[in-house]
Structures are given as structure tokens and as C-alpha cells.
Amino acid sequence: GDIFVLRNAGNSLSHAEGSVVGSLEYSIGPLGAKLILVLGHTKCGAMMGATQMMLNAQKSTEASDPAKQTTLEKLLEGLGSVAAQAQQELRPDASADDIAAHTVNVNVFSGMARLLSYSESIREKVKSGEVELHGAVYDIVSGKVTFLGQHPLQMCL
């Protein structure tokens, strides 16, 4: 086909998920894909969940017990650093909704950076220009896609 689609909750690549990274390596290898598009979307439940977990952790004096966490909770916690970065980039009185909305964009760039970090084959093909890596956000209300471009670190490869 012309499009090879991989989806997971929140475009999560916080733990070098092998199925996603390996599948992307397959798409740019044997299948010959020339573009990787990391596509987030507005009103993302995973970004709101990660934002809420991050905000709750900031207020709590107790650390969560990883042994008692569900797989979903672990996934959302792994996105906590992205939510924290989004919070830092906004005004101090930003609401949870504002933070979660900005987290979508931050997560797209984080996903691109992680792909470049986790996969030598993706990194080398992007570096050589054989494959392009771009980010975008799909607005689920309007249907509009806003292209964010390449990750700034791609210039340093």
C-alpha cells in the first residue's frame, strides 16, 4: 500500500516500544517508505491522562508503587516528562486543559526525537536524506492537519 499506519495510545515512545520502532524500521527498509509522519491529535485522552497524573504527582508526597500500576498507568506515567515540559513552556496559571493541549505538540516532537535516538536505521536514513521525518497535529473537530515540520535536532545529525 501507499500508507503504512502505526497507532498506539498517545503516540507513546517513552519506553522504546519495540513493536512501533521495529515496524517503522520495516516500513523504511523492505517496504521503502520515504516519509515518517508522527501525527498527534487534539483532545487526546492519553495527553490529558498524562497531564493529570503529572499534576497529581506534583501535589502528592507519596510515590506511586509501580507494582500496583496498570499497564495504562505506566504508559501515562512515561508521558509525564512530556506533560511537565509542556507545563514549563506555558504561563504559571495554565489550566490542566491548556497543559494537555500543549502536551500534544510537545509529544509529537518528543516522539520524533525518541525515534532518532532509539533507531540507528531511522537516524541514518534521515541523516542521509533517504527518509524524511516530520511532525503534525490533526484537529479532530475541524479535520485540519497542522504540519509542525522536522525536529530541530535533525539538523545536528
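Residues numbered from 1 in each chain as written. Predicted model: local features only at pLDDT ≥ 70, side-chain atom pairs only at ≥ 80, totals over all residues. Heavy atoms only, no water.

(A) Spatial organisation of the overall build of the protein. A tally of regular secondary structure across the protein gives six helices and three strands. Ordered by position in the sequence, the α and β elements of the protein form the string α-β-α-α-α-α-α-β-β. The C-alpha atoms of the protein give a radius of gyration of 16 Å, which matches the 15 Å a tight globule of 157 residues would have. Projected onto the principal axes, the alpha-carbon positions of the protein cover approximately 50 × 35 × 30 Å. Residue burial in the protein is summarised as follows: out of 157 residues, 34% are buried. Considering only contacts in the protein between residues 6 or more positions apart, those separated by 24 or more positions represent 69%. Entry remark: accessible area of the protein is about 9200 Å², with carbon and sulfur atoms responsible for 54%. Each charge class in the protein can be summarised by its mean position, and for the 12 positive and 16 negative side chains these summaries are 1 Å apart. (Helix = DSSP H or I, 4+ residues; strand = E, 2+ residues; numbered from the N terminus. Rg over C-alpha atoms; globule rule 2.2 N^0.38 Å. Buried < 20%, exposed > 50% of the residue type's maximum accessible area, 1.4 Å probe, protein only. Contact = heavy atoms within 4.5 Å. Areas by Shrake-Rupley, 256 points an atom, 1.4 Å probe, with all protein chains shown as cover. Lys, Arg positive; Asp, Glu negative; His and termini not counted. Charge placed at Lys NZ, Arg CZ, Asp CG, Glu CD.)

(B) Structural detail: the nonpolar core. With 23 residues, the main nonpolar core has Ile36, Leu115, Ile122 and Leu133 as its most contacted residues. Contributions of two or more residues to this core are made by helix 1 (18-28), strand 1 (35-41), helix 2 (45-59), helix 5 (96-118), helix 6 (120-128) and strand 2 (132-138). Counting residues per element, this core draws most heavily on helix 5, which supplies five residues. Ignoring any residue separated from it by four or fewer positions in sequence, one finds Leu133 in contact with Ile36, Val38, Met112, Leu115, Leu116, Val126, Gly149, Gln150 and Gln154. (Core = buried A, V, L, I, M, F, W, Y, C linked by side-chain atoms within 4.5 Å.)

(C) Local environment of helix 1. Taken together, the buried positions of helix 1 are occupied by Val20, Val21, Leu24, Ser27 and Ile28. Looking down the long axis of helix 1, one finds its buried residues gathered within 120 degrees of arc, a one-sided arrangement. When the buried face of helix 1 is taken as reference, the exposed residues oriented beyond 90 degrees from it are Gly18 and Ser19. Buried residues along helix 1 sit against strand 1, helix 5 and helix 6. (Arc of directions from axis to C-beta.)

(D) Spatial organisation of the pattern of salt bridges. One pass over the full model with this rule turns up three salt bridges. Put simply, Asp98 and Arg91 hold a salt bridge, and the shortest N to O gap is 3.1 Å. Take Asp98: its relative accessible area is 34%, and that puts it in the partly exposed class. One salt bridge in this structure joins Lys125 and Glu130, with 3.0 Å as the shortest N-O distance. A relative accessible area of 19% means that Lys125 is categorised as buried. According to the relative accessible area criterion, Glu130 is partly exposed, its value standing at 36%. Within the structure, one salt-bridge network assembled from shared partners comprises Arg91, Asp93 and Asp98. (Salt bridge = Lys/Arg side-chain N within 4 Å of Asp/Glu carboxyl O.)

(E) Focus on helix 2. Taking 1.5 Å per residue as the helical rise, helix 2 with its 15 residues ought to reach 21 Å, and the 21 Å between its terminal C-alpha atoms agrees with that figure. Of all the positions in helix 2, only Ala46, Met47, Gly49, Ala50, Thr51, Met54 and Leu55 are classed as buried. Buried-residue contacts for helix 2 involve helix 3 (71-78), helix 4 (80-89) and helix 5. (Expected span 1.5 Å × (residues − 1).)

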